[in-house]
Each structure stands twice: as C-alpha cells, then as structure tokens.
Amino acid sequence: MPITPAANLSLLWSELPYLDRFDAAAQAGFGAVEVLFPYDVPAKETQRALLRNGLELVLINAPPPNYTGGAPGYAAIPGGEARFAHDMRRVWRYVEALRPKMVHVMAGEAEGPAAAATFVENLKHAAAEAPQGVTLMIEPLCPQAKPGYFLNDYAQAADLLAAADAPNVALQFDSFHAQMIHGDAVAVFKKYRQSIRHVQLGDTPDRGAPGTGAVDFDALFSALRAGYDGFVSGEYHPGGATEDTLGWVAALGE
Ligand SMILES: O=C(O)C(=O)[C@H](O)CO
Ligand SMILES: [Mg+2]
C-alpha cells in the first residue's frame, strides 16, 4: 500500500456538524478518515456517512466516550481492569459496524511500574480478542496536551510494545507529540520506524497545520517516502478553513 493521506474528523472541519465532516473530507479529495470518538452517535449513522462518501475508516479510539472532561482511558489504571474490559466490549461493537483498521487504546492517567504492568496485561487481553485485521495502537501524548497521561515518551512505548509482544499491537506516531516530547519528530520517526503503523501530523507548539511551527516536514516527508507505506492523517487545529491547510497532502507525494 502506498502512503495514503487521511483526515482526522475530530479536529478537521470541527466547525461542521459531525456527520457533515465526512462529506467535506470527501469533497476535499480524501478517501480515508479517522474519528477519535464515534460513540456519541449510533454506529449506523457514521456507517452511512462513510458509505455515501465512499470513505474508508482508518482509526477510532478506545473510550472514554466523554473525552472532553472524562478520564483519558483506563488501560493503565491498576484496579481499572473491569472498566477497561467493559469499555472494550463497546469498542468491539463499533468496530464490527465501522470496520476501522486500527483502534488507539488510551492508557489513562497513572504512573509507575504497576501502571505499566496493567497496561501490558490489558493490551494482551484486547489483542487476543481483537477481530482479524484490526491493530491496536498505543500513542505517547505530550504532557502539555495531556497532563498526567501515563504514556508520554517513545522509549516507554517501545518497552511496552516489547512486553505486550503481540503482532497486532503497534505504535502510533504523531509529529506534534513527538516534537513536543523529544524535540525532533524526524529523529523519533526514524528511531522507532519499525514499530510505527500509523502516522498523524500536527505542528508545534500549538498543534497547528503542518508548516506553521517547528516540525521539519520536508525531512519527515522524505523519511516517510523512504520506507513508510501506511496512512498519514492530518490531526491538527486548522485555525481557519480546513481546505486552506491541506498543502501537506500534495507535499507528501512530492
Ligand atoms: O491526541 C492525540 O494526538 C491522539 O491521537 C489521540 O488519539 C487522543 O485522542
Ligand atoms: Mg495523535
């Protein structure tokens, strides 16, 4: 599969009602989209929006459904195993209807060895019950965007992936978080390339569109073209009309 651009419909076209964003993405030329939290509407409605636009769904997040204000996941919360298992049952129902290729499993707010062990065990269980063809993703989130979030470093993610040791658990690379955490998103991409199965784009420090901040997108896109063949999703705050921020789609292919 070549590099395929995708639109994150939780951040792009956020001024439109949720279901209208699918139409806008298709009109802008996207064939693939991702949605962080599709749980607020019945899966059938999202399914219809995908179908009427011929769109492929790349990724959804494992709950919490109440992202704005709710805890950012339970996978790494010692004692939260039952809640995690309950959440995952809901995720699988949405996966069955929407057929995303990937599910980002959110860790939650925690720290220390017990949290790491809990995260690994929960990932192993979820990986064992994931439908064929669905990959579970883990993603380090920077403290500036998600204070207290357990998974906040790419080396930590590599250790967790090694411990989970499952072929359907992989790393989600986000240029915004990688640059904020480690200061050089391109170096992070190159170092962890072998574990990366999904790429998201945003610039620093404000999570704006590619080209508005400090990430070296020319170098990142060269590195992607040199050996990445998955989806590359715009996950940034457009700060205006989304259509005016899509120069990265053409640049990716140059
Ligand atoms: O915040 C991000 O970068 C993400 O990709 C997550 O999925 C958070 O929901
Ligand atoms: Mg991301």
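Residues numbered from 1 in each chain as written. Chains lettered and ligands numbered in written order. Predicted model: local features only at pLDDT ≥ 70, side-chain atom pairs only at ≥ 80, totals over all residues. Heavy atoms only, no water.

The helix and strand tally for the protein stands at nine helices and nine strands. The globule rule puts the C-alpha radius of gyration for 254 residues at 18 Å, and the 17 Å found for the protein is close to it. With respect to the three principal axes, the spread of C-alpha positions in the protein is 45 × 40 × 35 Å. Within the protein, residue pairs in contact and separated by at least 24 positions form 76% of the contacts whose partners lie at least 6 positions apart. Surface summary for the protein: the accessible area is close to 10600 Å², and the carbon and sulfur share equals 52%. (Helix = DSSP H or I, 4+ residues; strand = E, 2+ residues; numbered from the N terminus. Rg over C-alpha atoms; globule rule 2.2 N^0.38 Å. Contact = heavy atoms within 4.5 Å. Areas by Shrake-Rupley, 256 points an atom, 1.4 Å probe, with all protein chains shown as cover.)

Time to look at the environment of proline 238. Tracing the backbone shows proline 238 in the loop between strand 9 (231-234) and helix 9 (247-253). Since its relative accessible area comes to 17%, proline 238 is described here as buried. (Buried < 20%, exposed > 50% of the residue type's maximum accessible area, 1.4 Å probe, protein only.)

So, on to the site of ligand 1. Of all residues adjacent to ligand 1, which total 14 residues, the nearest are Asn61, Glu139, His177, Arg207 and Glu235. In the environment of ligand 1, an oxygen atom lies 2.8 Å from a nitrogen or oxygen atom belonging to the side chain of asparagine 61. At a separation of 2.9 Å, an oxygen atom of ligand 1 approaches a polar side-chain atom of histidine 104. In terms of residue class, the shell around ligand 1 is built from five nonpolar, five polar and four charged. (Near = heavy atom within 4 Å. Polar contact = N/O pair within 3.5 Å; in protein donor to acceptor, adjacent residues only side chain to side chain. Nonpolar A, V, L, I, M, F, W, Y, C, P; charged D, E, K, R; others polar.)

Protein coordination at the magnesium ion (ligand 2) comes from Glu139 (OE), Asp174 (OD), Gln200 (OE1) and Glu235 (OE), with a distance range of 2.0 to 2.2 Å. Coordination at the magnesium ion (ligand 2) comes from six donor atoms whose angles at the metal span 74 to 167°, giving a geometry best classed as octahedral. Here the donor residues of the magnesium ion (ligand 2) share one chain and are spaced in sequence as E-x34-D-x25-Q-x34-E. One end of the pair, glutamine 200, is in strand 8 (residues 196-201); the other, glutamate 235, is in the loop between strand 9 and helix 9, with 35 residues separating them in the sequence. Judged by relative accessible area, which is 4%, glutamate 235 ranks as buried. (Donors = N, O, S within 2.8 Å, 3.2 Å for Na, K, Ca; no water. Tetrahedral: all angles 85-135°; square planar, octahedral: opposite > 155°, others 65-115°.)

For the rest of this paragraph, the subject is the nonpolar core. In terms of nonpolar packing, the biggest core is built from 81 residues, with Phe119 and Phe173 touching the most fellow members. Sorting elements by how many residues they give to this core places helix 3 (residues 81-98) first, with seven residues. When sequence neighbours within four positions are dropped, the list of residues in contact with phenylalanine 173 reads Tyr154, Ala178, Ala185, Val188, Phe189, Ile196, His198, Val199, Gln200 and Leu220. Counting residues in each nonpolar core, the second largest holds eight residues, with Ala6, Val58, Met102 and Met137 among its members. (Core = buried A, V, L, I, M, F, W, Y, C linked by side-chain atoms within 4.5 Å.)

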